[in-house]
Amino acid sequence: MLYSEKVMDHFMNPRNVGKLDDADGIGEVGNAKCGDIMKIYIKVDNGLISDVKFQTFGCGSAIASSSMATELIKGKPVHQALELTNKAVVEALEGLPAHKIHCSVLAEEAIKCAIEDYQMKKSC
Ligand code: FES
């Protein structure tokens with residue numbers, strides 16, 4: 001089978017879908033080649049990612065990657081969330097086909113972007 005059960009599960013029942021109106025940080029990234037767009041919203045309390053939501057306009061692997069990535073950073077310290085790699089997302093999803101690895105990269109980038117947005121706002 002092309003996709004693991006984990007990928008299918010997170011694609012069919014994505015966790016943390018939606019937006020946070022009171023987000024502390026928002027990250028939006030896109031892939032120019034495929035045209036997919038991913039947006040991540042984070043809420044931070046006492047240095048922890050207390051809530052996270054995503055909106056992904058893209059392929060099934062991008063949706064599964066965002067869902068898994070949000071699960072992996074939820075409740076984690078900000079510095080730890082910043083270290084999340086696309087490799088960790090792919091491992092948690094029990095693999096992605098080679099031509100779909102860039103979908104997981106989008107999730108890593110969107111999270112980093114949301115955290116940078118949070119850190120910038122905090123320092124003002
Ligand atoms: Fe581009 Fe999946 S095909 S993010």
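A short tour of the structure in this document, coming up. (Residues numbered from 1 in each chain as written. Predicted model: local features only at pLDDT ≥ 70, side-chain atom pairs only at ≥ 80, totals over all residues. Heavy atoms only, no water.)

**As for the sheet that holds strand E1 (residues 25–30)**
This is how it is decided: Only strands joined by at least two bridges in the DSSP assignment are considered to pair. Numbering of helices and strands starts at the N terminus; helices are DSSP runs of H or I of at least 4 residues and strands are runs of E of at least 2. Note on method: axes are straight lines fitted to C-alpha atoms, helices fitted across the in-contact stretch only, with angles between N-to-C directions ranging 0 to 180 degrees.
Here we have three strands laid out as an open sheet, ordered E1-E2-E3, and antiparallel in their pairing. Each having just a single partner strand, E1 and strand E3 (48–57) make up the two edges of the open sheet. Strand after strand, the sheet turns through a mean of 15 degrees between neighbouring axes, direction not considered. In this structure, strand E2 (residues 37–45) lies alongside E3, joined through nine bridges in antiparallel fashion.

**Notes on helix H5 (residues 101–123)**
The cut-off we apply is this: One less than the number of residues in a helix, times 1.5 Å, gives the span that helix is expected to have. Note on exposure labels: buried denotes an accessible area under 20% of the residue type's maximum, exposed denotes more than 50%, and partly exposed covers the range between, all computed with a 1.4 Å probe on protein chains only. Residues count as neighbours in contact if any of their non-hydrogen atoms are within 4.5 Å of one another.
When the terminal C-alpha atoms of H5 are compared, their 34 Å separation across 23 residues agrees well with the 33 Å that a helix rising 1.5 Å per residue should span. Among all positions in H5, only Cys103, Ser104, Leu106, Ala107, Glu108, Ala110, Ile111, Ala114, Ile115, Asp117 and Tyr118 are buried. Buried residues in H5 make contact with E1, E2, helix H2 (60–73), helix H3 (78–82) and helix H4 (86–92).

Honestly, that's just the spatial picture; any functional story needs more than this.
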